[in-house]
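Take a look at the letters that make up each chain.
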Amino acid sequence: MEVVAPILKYYTKVVEGGRIVIPKSTRKIFRIHKGDYVKFKVAKVLTVQQKVPVLGPQAIVSERLENRGMVHIPKDIREKLGLSPGDIVQIELLDYHSS
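Throughout what follows, the structure given in this document is the object of discussion.

## Remarks on the overall build of the protein chain
Stage number 1. Across its full length, the protein chain holds two helices and six strands.
Stage number 2. Starting at the N terminus, the α and β elements of the protein chain follow one another as β-β-α-β-β-β-α-β.
Stage number 3. Its C-alpha atoms give the protein chain a radius of gyration of 13 Å, near enough to 13 Å, the size a compact globule of 99 residues would have.
Stage number 4. For the protein chain, the spread of C-alpha atoms along the principal axes amounts to about 35 × 30 × 30 Å.
Stage number 5. A burial count over the protein chain gives 36% of its 99 residues as buried.
Stage number 6. Accessible surface computed for the protein chain: about 6300 Å², of which carbon and sulfur atoms make up 52%.
Stage number 7. In the protein chain, the 17 positive side-chain charges and the 10 negative ones have mean positions that sit 7 Å from each other.

If you want it as structure tokens, here you go:
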């Protein structure tokens, strides 16, 4: 498996419909717009020990950016990772390109 260094790593909350938000400042810096495709690694944060997040299983997602920077995590991946609305996840932005 190829190791890809993330462009950016951040933490966010899963909202209804299995969506996460890519922050506006990030979208602005990297010129990521609605309709562009983003590839990211997602992992549920299980707990934090000594200021270090303990992560659950991870998955790679490639989806199209929606309104207000929202990205949908497919249902099968949410189920595999045990993600529900309100869960905190670690996101590693791996790649993006225009549609």
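## Structural notes on the pattern of salt bridges
Stage number 1. Tallying each qualifying case throughout the model produces four salt bridges.
Stage number 2. Note that lysine 41 and glutamate 92 form a salt bridge whose closest N and O atoms lie 3.8 Å from each other. On the criterion of sequence distance, the pair formed by lysine 41 in strand S3 (residues 37–49) and glutamate 92 in strand S6 (residues 88–97) is long-range, its members being 51 residues apart.
Stage number 3. Among the residues examined, lysine 41 registers a relative accessible area of 23% and is labelled partly exposed.
Stage number 4. Here aspartate 87 ties to lysine 44 by a salt bridge, and the two come within 3.5 Å at their closest N and O atoms. Here the residue aspartate 87 occupies a position in the loop between helix H2 (75–81) and S6, and lysine 44 occupies one in strand S3, the gap between them amounting to 43 residues.

## Overview of the pairing of strand S4 (residues 52–64)
Stage number 1. Across eleven bridges, S3 lies against S4 in antiparallel orientation. Pairing of threonine 47 across the sheet is with valine 54, part of S4.
Stage number 2. Connecting S3 to the next strand, S4, in antiparallel fashion are two residues, including glutamine 50 with a positive phi near 50 degrees.

## Remarks on the nonpolar core
Stage number 1. By size, the foremost hydrophobic cluster in this structure holds 19 residues, and its most contacted members are Ile20, Phe40, Val42 and Ile73.
Stage number 2. Excluding its chain neighbours within four sequence positions, the residues that come into contact with valine 42 are Pro57, Gln58, Ala59, Val61, Ile73, Leu81, Leu83, Val89, Gln90 and Ile91.

## Overview of the sheet that holds S4
Stage number 1. Spatially, the four strands line up as an open sheet ordered S1-S6-S3-S4, and their pairing is antiparallel. The sheet terminates laterally at strand S1 (8–13) and S4, the two strands that pair on one side only. Neighbouring strand axes in the sheet, compared pairwise and without regard to direction, differ in orientation by 30 degrees on average.
Stage number 2. Examined bridge by bridge, S1 and S6 share six bridges and lie antiparallel to one another. Residue pairing for S6: threonine 12 is matched across the bridge by valine 89.

The rules behind the values
Residues numbered from 1 in each chain as written. Predicted model: local features only at pLDDT ≥ 70, side-chain atom pairs only at ≥ 80, totals over all residues. Heavy atoms only, no water. Helix = DSSP H or I, 4+ residues; strand = E, 2+ residues; numbered from the N terminus. Rg over C-alpha atoms; globule rule 2.2 N^0.38 Å. Buried < 20%, exposed > 50% of the residue type's maximum accessible area, 1.4 Å probe, protein only. Areas by Shrake-Rupley, 256 points an atom, 1.4 Å probe, with all protein chains shown as cover. Lys, Arg positive; Asp, Glu negative; His and termini not counted. Charge placed at Lys NZ, Arg CZ, Asp CG, Glu CD. Salt bridge = Lys/Arg side-chain N within 4 Å of Asp/Glu carboxyl O. Pairing = 2+ DSSP bridges. Core = buried A, V, L, I, M, F, W, Y, C linked by side-chain atoms within 4.5 Å. Contact = heavy atoms within 4.5 Å. Axes fitted to C-alpha atoms, helices over the stretch in contact; angles between N-to-C directions.

Take it as geometry only, folks, not as evidence of what the structure does.
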